[in-house]
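Descriptive analysis of the structure
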Amino acid sequence: MFEYVMEEHKTSISRACRVMSYSRSGMYCQSRRQDEPVQVKLREWAVRKPTEGFWKLFGKIRKEGLQWNHKRVHRVYKSLGMNLKRRHKRRLPERVKSPLEQPESINRSWSMDFMSDVLTSGRRFRTLNIIDDHNREALVIEVDTSLPAARVKRVLEEVIAWRGRPAQMRTDNGPEFIAAELSDWCEGQQIHLQYIQPGKPTQNAFIERFNGSFRKDVLDAYLFSSLSQVRVLVISGESSGSGVDGGLQPSPASRSFGEFITRGLPAAGRVQWKIAGPKVSPGISHNSQP
């Protein structure tokens, strides 16, 4: 800045300092700080511990016997741009406990929740389970590797097209369910979203009971190598009769919806698989020898 004033206005150092209200002695002051050893040590520990913040790095430096003042180390730490962004816990609105009652008719209340499992290749997948609280009927089990809020909204639109619109839906506080996209859509559809209290899964006991049966009878009973195998088994008549829906047979509407979502799958993948004994690959007897 001083060099610019002196070159632009052809003035002396004294006049430039007076104009800018700066002490002339400051122009000749040379910093005696030797921060190179601190910078080297901070960079060394940052490479070894990239997720740790200032105080943990400072503690490791002091354990090495280097008696640098924490204010000096912190000044160098900030000058190197090593500050980590502080992650704040997201605050949820207060959730009011709502009694879990069985509705007197269908479409009064639905429950939905996510589950996850893994293919034989190690790739993880998720399922979106939606049931009617009146008779615990499984309305849909959507299977994919990713099920964001937009996908949840699309699945609900497909179910509502043949089932009708529910008065309310009970969910937990997962990121897909509290997303603005889903809440705005439910508000436009005049559907009340009933959130349970955090850490209280028993307040959504209907879907939790369904998840337990689905885990035992399907996910833990088979080894899946592809998502097509999971989808076919989920909508097959054998899985619906194996206790996944609590012993209730799906309605004709749910059967037709099952046929709808399996369109396009190869004919070889439409075989019926029975659950027999320990966890086996679909279509392979558990007594067969390798």
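Residues numbered from 1 in each chain as written. Predicted model: local features only at pLDDT ≥ 70, side-chain atom pairs only at ≥ 80, totals over all residues. Heavy atoms only, no water.

Description of the nonpolar core
Let me state the cut-off plainly: The criterion is simple. A nonpolar core is a set of buried Ala, Val, Leu, Ile, Met, Phe, Trp, Tyr and Cys residues joined through side-chain atoms within 4.5 Å. To sort residues, take the accessible area from a 1.4 Å probe on protein chains only and compare it with the maximum for the residue type: under 20% means buried, over 50% means exposed, and anything in between is partly exposed. By definition, any uninterrupted DSSP run of H or I lasting at least four residues is a helix, any uninterrupted run of E lasting at least two residues is a strand, and each is numbered from the N terminus. When checking whether two residues touch, look at their non-hydrogen atoms; a contact exists if any pair is within 4.5 Å.
Grouped together as the largest cluster of nonpolar side chains are 22 residues, with contacts concentrated most on Met112, Leu128, Ile130 and Leu156. For this core, the elements supplying multiple residues, two or more each, are strand S1 (109-118), strand S2 (124-132), strand S3 (137-144), helix H6 (149-163), helix H7 (180-188) and strand S5 (192-195). Top contributing element to this core by residue count: H6, with five residues. Ignoring anything within four residues of it in the chain, the contact list for Met112 reads Leu128, Asn129, Ile130, Val152, Leu156, Met169, Arg170, Thr171, Phe177, Leu182, Asn204 and Ile207.

Considering H7
Quick reminder of the rule: Working definition: the arc comes from the directions between the helix axis and the C-beta atoms, pointing outward to the latter.
Those residues of H7 that fall on the buried side of the exposure criterion are Leu182, Trp185 and Cys186. End-on view of H7: buried residues confined to an arc of 100°, all on one side of the axis. Summarising the geometry of H7, the exposed residues directed more than 90 degrees from the buried face are Asp184, Glu187 and Gly188. Looking at the buried residues of H7, the elements they touch are S1, H6, strand S4 (168-171) and S5. Downstream of H7 by a residue or two, Gln190 has a phi angle that is positive, lying close to 60°.

Digging into the packing of aromatic side chains
The geometry of an aromatic ring pair is captured by two quantities: the separation of the ring centres and the angle between the planes. Basically, it comes down to this: Between the rings of Phe, Tyr and Trp (Trp by its six-membered ring), a pair exists once the centres lie within 6.5 Å; its type follows the angle of the planes, with under 30 degrees stacked, over 60 edge-to-face, and the other angles tilted. Any Lys NZ or Arg CZ that is within 6 Å of a ring centre and within 35 degrees of that ring's normal is treated as a charge sitting over the ring.
A complete count under the given rule lists seven aromatic pairs for this structure. Geometrically, the ring pair formed by Phe210 and Phe214 is stacked, given 6.2 Å between the ring centres and 5° between the ring planes. Residue Phe210 and its partner Phe214 are both found in helix H8 (residues 205-219); the two are separated by four residues, about one turn of the helix. For the residue pair Phe210 and Phe214, the accessibility class agrees, reading buried in each case. Put simply, the rings of Phe54, Trp55, Phe58 and Tyr77 touch in pairs and so form one group of aromatic residues. Directly above the ring of Phe114 sits Arg126, whose terminal nitrogen or CZ lies 4.2 Å from the centroid. A cation sits over an aromatic face here: Arg136 above Phe206, 4.5 Å from the ring centre.

Re the side chain of Asn173
Which entries qualify depends on this criterion: Each polar contact in these results corresponds to two N or O atoms within 3.5 Å; when the atoms are within protein, one needs to be able to donate a hydrogen and the other to accept it, and residues that are neighboring in sequence are counted only if both atoms are side-chain atoms.
With respect to the secondary-structure elements, Asn173 resides in the loop between S4 and H7. What makes Asn173 buried here is its relative accessible area of 16%. A polar contact is formed between the side chain of Asn173 and the side chain of Arg95, at a distance of 2.7 Å. Apart from the residues within four sequence positions on either side, Asn173 is in contact with Leu92, Arg95, Ile178, Tyr195, Ile196, Gln197 and Pro198.

Considerations on helix H3 (residues 36-48)
Our working definition: In this analysis, the expected span of each helix is defined as 1.5 Å times one less than the number of residues it contains.
Taking 1.5 Å per residue, 13 residues should reach 18 Å; H3 reaches 19 Å between its end C-alpha atoms and fits that length. Looking only at H3, the buried set comprises Val38, Lys41, Leu42 and Trp45. Down the axis, H3 shows its buried residues gathered within 100° of arc, on one side only. Opposite the buried face of H3, at more than 90 degrees from it, the exposed residues are Val40 and Val47. Against the buried residues of H3 lie helix H4 (54-63) and helix H5 (70-79).

Here we look at the pattern of salt bridges
Proximity of charged atoms lets side chains of opposite charge pair with each other. Keep this limit in mind: Within this document, salt bridges are pairs made up of a side-chain nitrogen of Lys or Arg and a carboxyl oxygen of Asp or Glu, the two lying within 4 Å of each other.
The tally for this structure, following the rule as stated, stands at 13 salt bridges. Of the charged contacts in the structure, one is a salt bridge between Arg75 and Asp35, with a shortest N-O distance of 3.0 Å. Taken together, the residues span a long stretch of sequence, with Arg75 in helix H5 and Asp35 in the loop between helix H2 (13-19) and H3 at a distance of 40 residues. The exposure class assigned to Arg75 is partly exposed, which follows from its relative accessible area of 28%. When its relative accessible area of 12% is taken as the criterion, Asp35 is described as buried. Across the pair Arg163 and Asp132 runs a salt bridge, and its minimum N-O distance is 2.9 Å. Highlighted residues: Arg163 in helix H6 and Asp132 in strand S2, separated in sequence by 31 residues. For the pair shown, Arg163 and Asp132 are each scored as buried. Within this structure, Lys41, Glu44, Arg48 and Glu64 form a network of salt bridges that share partners.

Fair warning: the whole summary comes from geometry, so function is off the table for now.
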